[in-house]
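# Analysis of the macromolecular model
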Amino acid sequence: MDFEFSEEQQLLKDSIEGLLGDKYDFESRKKFLVSSGGWSREIWKQYAELGLLGLPFSEEHGGIDGGPVETMIVMSAIGNALALEPYLPTVVLAGGLIRRFGTEVQKNKYLPQIAEGKITGAFAYTERQSRYDLFDVKTAAKASGSGFTLDGQKSVVLNGDQADFIIVTARVSGGQRDKDGLGLFIVDAKANGISRRGYRTIDGLAAAEVELSGVNVDADQVIGKPGAAYPLIEQIADDGIAALCGEAVGVLSALTEATTDYLRTRKQFGVNIGSFQVLQHRNVEMLIASEQAKSMAMLATMMVNEPDAVQRRKTMSAAKTQIGRSAQFVGEQAIQLHGGIGMTMELKAGHWFKRATAIDIQFGDADYHLEQFGNMGGFEAAAQR
Amino acid sequence: MDLNFTKEELSFRDEVRDFFAKNVPAETKRKLTEGRKLEKDDIVNWQRILNKKGWAVYQWPKQYGGTGWTPVQKYIFLEELQRAPAPDPLPFAVSMVGPVIYTFGNEEQKKHFLPRIANLDDWWCQGFSEPGAGSDLAGLSTKAVREGDHWVINGQKTWTTLAQYADWIFVLARTDPKAKKQEGISFILCDMKTPGITVRPIQLIDGGKEVNEVFFDNVKVPYENLVGQENRGWDYAKFLLGNERTGIARVGISKERIRRLKELASLEVSGGKPMMEDPRFRAKISQVEIELKALEMTQMRVVAAEGTRRDNKPDPASSILKIKGSEIQQNITDLLMEVVGPFALPFTDEDETAGSNELPIAPDYAGPLAPIYFNYRKVSIYGGSNEIQKNIIAKAILGL
């Protein structure tokens, strides 16, 4: 049992925190946010130079063979800086699907280009009716020739507006809510029949509604066995959850610290408001919620490669529930304790709060995962009489 | 970063688990599982079984009879003990007065008391709280005046847990009334058979009588029963309360209680279906299970950090464990009461029904559940209330 980072991990942490510390202060972020695209291509290049964009990929595909702990380190720094670049959709989700389940040809085609910062990707799994159920898919994949033709509509696709390629979940067979019959398809974002409507999400990130109308996909652009992709989709959702948990650690600890700093310096009634016990206790409760979230993020990180899917999913649902609950509490209290200034766009606190809110929603909110966790039987078995 | 136990730690866990499976007396285990009161003999017998194995004072330094285990091993031991379930070694003896004696006491005190503590030859109780000194413990007013080779103690202690069984009490008493309130206190050991000591039970809202008032009326105690230096007792008390907080998360006990809760929730029926299948009730169980897992991980972080800490001070993060651990324990007792519905209502006084042949009001497992719910309100109050813990965190961690 060891919670310390290795020397290499500490170096990674120092290098990304160094980069973001230098280049991603709150004022710079405001500029990136209003630039076209809404994030910095320049910083993206520097991620590539540090090896971050190939972090989880093997060396032969231009990566550095990092594991889940390395991803947690990067995501936590991204959360702290509120970096806007599409790291999660490109490296963790779309890149992750190809890294884990792609053919050698697919890996060679996409992973080195991602690692070099030349292309970005997106993972399109949400539909209007699906809510958080990954298997609820209407988008159809009909066999045609040696490949498939896709028709349907994908919603709230993170980085869907600018991605160079999109990995789409679509139904090969079965009913709308069947777990069998799903496929994963890599489509070129500029392919015929794709139309995208880009927009910003509440936290300032970029997303899109993606419409697929008679989009042809060659057989070599299919990931896994068509019709049997659901376990793959679950695994990549778990990768996404673990990464979001890591990001949440950065967000929540930053919110807690920023609030403590504010309590130390803000004067009312002639004293620092941090001298008031009611505010001290609230800040302590934020710390507890943030630490509990961190503990579960570590557990999610360690469990993300667990081959026993039930154990893995259960742990991910538990972690996502804790992260969601903590995110809401810490976020709301941070705004409350900052008072009026916390309500303004001028202060970073409100932006952390918005990201925390979005993190709860992505891949299923706390109530959704609480139910999933219960359905899977929880951690402890009933005692035997 | 590796959150898994090593192979050695896993085989240690198996060894400990196997020992508990074979050696916890069946009757003691049954009482703990059902939430019934333990008798003095249950606790004494069990601690002697542990002592024979060399595990009664496992957390002490080796030279005083401890095991020399790593922080992780100690953690595993306590988890398995609570999971079994088995009684904790008497905390007032093993976790409180024992460490004060081996850290601050003289050679004679160590030689006399420590082996007797390990074997529970002496039952110890804690003479700290007073009617006017609860959270503000340093405001205590019990006095000890030196007269020749004796102390003469006058005053009153309260909330003294299991004083009715006690052979000895460790007392915080004011020995310098002129000093600042923290600086005039001494730590004195006192034989409960000394003339002038009166113990009066206090009945708590669960109906039980586990705590007492202890009155001191001109109680003459030999001078050499002072521990450490005169007027330094507050330092020793703070040291002791720091020890009290480690292990206070009681994760193992809460896990065992959740297994019990699920067992009862599969037996009890609501709307024609087991309570376990009621989505609202199941969500409540899931929520507390998730918080418990988070607490377990937080505790492991604290334990792992202990191994690398240089100073001997308890980690302020242990205050987080106390707050969260007590909230979770209380939450589970609430759900255990909820699960039996109207059968939480019939009250059985265990003192009166002990040894009675009368059949319990069905179901037999329901009787203790509401009393435990009431009784467990104490866990966020004792050992420094959760509000005091928040003051500690605000000061020591947040710097407010």
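Residues numbered from 1 in each chain as written. Chains lettered and ligands numbered in written order. Predicted model: local features only at pLDDT ≥ 70, side-chain atom pairs only at ≥ 80, totals over all residues.

### Notes on the overall build of chain B
The secondary structure content of chain B amounts to 13 helices and 10 strands. Against the globule reference of 21 Å for 400 residues, chain B gives a C-alpha radius of gyration of 22 Å, in line with a compact fold. Counting only C-alpha atoms and orienting by the principal axes, one finds that chain B spans roughly 75 × 55 × 45 Å. Across the 400 residues of chain B, 42% fall into the buried class. By sequence separation, contacts in chain B at least 24 residues apart represent 72% of the contacts at least 6 residues apart. (Helix = DSSP H or I, 4+ residues; strand = E, 2+ residues; numbered from the N terminus. Rg over C-alpha atoms; globule rule 2.2 N^0.38 Å. Buried ≥ 20, exposed ≤ 12 C-beta atoms within 10 Å, placed from the backbone. Contact = placed C-beta atoms within 7 Å.)

### Some points on the overall build of chain A
Of regular secondary structure, chain A possesses 11 helices and 10 strands. On C-alpha atoms alone, chain A measures out to a radius of gyration of 21 Å, which is about the 21 Å that the 2.2 N^0.38 rule sets for 385 residues. Along the three orthogonal principal directions, the C-alpha set of chain A runs to about 80 × 65 × 40 Å. For chain A, the residues scored as buried account for 51% of the 385 residues in total.

### Some remarks on the packing of helix H8 (residues 277-303) of chain A against helix H9 (residues 279-308) of chain B
For the pair H8 of chain A and H9 of chain B, interaxial distance at closest approach is 8 Å and the crossing angle is 90°. With respect to H9 of chain B, the element H8 of chain A is oriented roughly perpendicular. Touching Glu 291, Gln 292, Ser 295, Met 296, Met 298 and Leu 299 of chain A of H8 of chain A are Ala 294, Met 297, Thr 298 and Arg 301 of chain B, all from H9 of chain B. Its residues assigned to classes, the contact of H8 of chain A with H9 of chain B comprises 5 nonpolar, 3 polar and 2 charged. (Axes fitted to C-alpha atoms, helices over the stretch in contact; angles between N-to-C directions. Parallel < 35°, antiparallel > 145°, perpendicular 65-115°, else oblique. Nonpolar A, V, L, I, M, F, W, Y, C, P; charged D, E, K, R; others polar.)

### Some points on the nonpolar core
All names here are of chain A. Residues Phe 185 and Ala 248 are the most contacted members of the largest nonpolar core, which totals 220 residues. Per-element tally for this core: the top contributor is helix H7 (residues 230-265), with 17 residues. Setting aside residues no more than four positions away along its own chain, Phe 185 makes contact with Ala 141, Phe 148, Leu 150, Ile 167, Val 168, Ala 170, Val 217, Gln 221 and Val 222. (Core = buried A, V, L, I, M, F, W, Y, C linked by C-beta atoms within 7 Å.)

### Remarks on the pairing of strand S5 (residues 185-191) of chain B
All names here are of chain B. In terms of residue burial, S5 counts as a mostly covered element, since 6 of its 7 residues are buried. Both strand S4 (residues 168-174) and S5 contribute to a ladder of 7 bridges, which runs antiparallel. Within the sheet, the bridge partner assigned to Ala 173 lies in S5 and is Ser 186. Where S5 meets strand S8 (residues 226-227), 2 bridges bridge the pair, whose relative direction is antiparallel. By the bridge assignment for S8, Phe 187 is matched with Val 227. (Pairing = 2+ DSSP bridges.)

### Concerning the domain arrangement of chain A
Residue and element names in this part refer to chain A. Structurally, chain A comprises domain 1 (7-119), domain 2 (122-228) and domain 3 (231-375). One C-alpha centre belongs to domain 1, the other to domain 2; they are set 23 Å apart. Facing the 18 residues of domain 1 at the interface are 18 residues of domain 2. Counting residues per element, the ones that place at least two in the side of domain 1 that touches domain 2 are helix H5 (87-101) and helix H6 (104-115). Within the side of domain 1 that touches domain 2, the residues separate by chemical class into 13 nonpolar, 5 polar and no charged. (Domains from an automatic or database assignment.)

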